[in-house]
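Examining the three-dimensional arrangement
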Amino acid sequence: MTLPKGFGSGGGGATSADVEKMIGRRVENMTGIITLSYIAAWLATFGGTAAGYFYYPWAYPTPSGHYAFIVLTIVEAIGYLFCVKVMEEGTKKKSNGIVGAALGGTAVGTILISLFVGV
């Protein structure tokens with residue numbers, strides 16, 4: 001791999017440190033920001049369905065809102081899981097705890113919201 005001027009030792013091979021300097025922060029260190037983005041997306045999904053629950057109940061029936069919230073939560077959870085697992089592929093990082101906590105928390109939150117909001 002040919003590196004830009006100022007990178008590498010001149011031997012033609014790129015080390016991981018050279019690649020990291022060229023592209024910036026490594027993606028396997030971004031589990032926290034991806035987790036925060038997932039939680040923000042889940043809260044935004046609830047905010048969108050909450051508008052139907054509280055402000056437009058005549059136009060947006062509660063069962064329809066619950067169904068949309070549950071389906072969108074499942075889609076977001078699958079996307080989050082794939083993002084983290086693909087991001088950490090080939091590394092020794094293990095983020096099963098944070099992924100489990102985020103997915104478990106949103107699953108419990110989704111169930112509680114579906115049971116008690118808009119009833």
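Everything here concerns the structure above.
This section reports on the structure supplied with the text. (Residues numbered from 1 in each chain as written. Predicted model: local features only at pLDDT ≥ 70, side-chain atom pairs only at ≥ 80, totals over all residues. Heavy atoms only, no water.)

1. As for the overall build of the chain
- Scanning the chain from N- to C-terminus turns up 4 helices and 0 strands.
- Starting at the N terminus and walking to the C terminus, you meet the elements of the chain as α-α-α-α.
- Classification of the 119 residues of the chain by burial places 26% in the buried group.
- Of all intrachain contacts in the chain linking residues separated by at least 6 positions in sequence, the fraction that spans at least 24 positions is 58%.
- Here the chain has roughly 7700 Å² of accessible surface; of this, 70% comes from carbon and sulfur atoms. (Helix = DSSP H or I, 4+ residues; strand = E, 2+ residues; numbered from the N terminus. Buried < 20%, exposed > 50% of the residue type's maximum accessible area, 1.4 Å probe, protein only. Contact = heavy atoms within 4.5 Å. Areas by Shrake-Rupley, 256 points an atom, 1.4 Å probe, with all protein chains shown as cover.)

2. Some remarks on the side chain of Glu88
- With respect to the helices and strands, the residue Glu88 is situated in the loop between helix 3 (62-87) and helix 4 (96-116).
- It turns out Glu88 is buried and unbridged, and the closest side chain with the opposite charge, Lys85, is 4.7 Å from it.
- A polar side-chain atom of Glu88 sits 3.0 Å from a polar atom in the side chain of Thr31.
- Setting aside chain neighbours within four positions, we find Glu88 in contact with Thr31, Lys93, Lys94 and Ser95. (Lys, Arg positive; Asp, Glu negative; His and termini not counted. Salt bridge = Lys/Arg side-chain N within 4 Å of Asp/Glu carboxyl O. Polar contact = N/O pair within 3.5 Å; in protein donor to acceptor, adjacent residues only side chain to side chain.)

3. Concerning the nonpolar core
- Core analysis: the largest hydrophobic core is formed by 7 residues, namely Tyr38, Ala77, Tyr80, Val84, Met87, Val99 and Ala102.
- Contributions of two or more residues to this core are made by helix 3 and helix 4.
- The greatest single-element share of this core, amounting to 4 residues, is contributed by helix 3.
- One finds Trp42, Ala50, Tyr53 and Ile113 within the second-largest nonpolar core, a separate group that totals 6 residues. (Core = buried A, V, L, I, M, F, W, Y, C linked by side-chain atoms within 4.5 Å.)

Interpretation in functional terms is not warranted from these geometric data alone.
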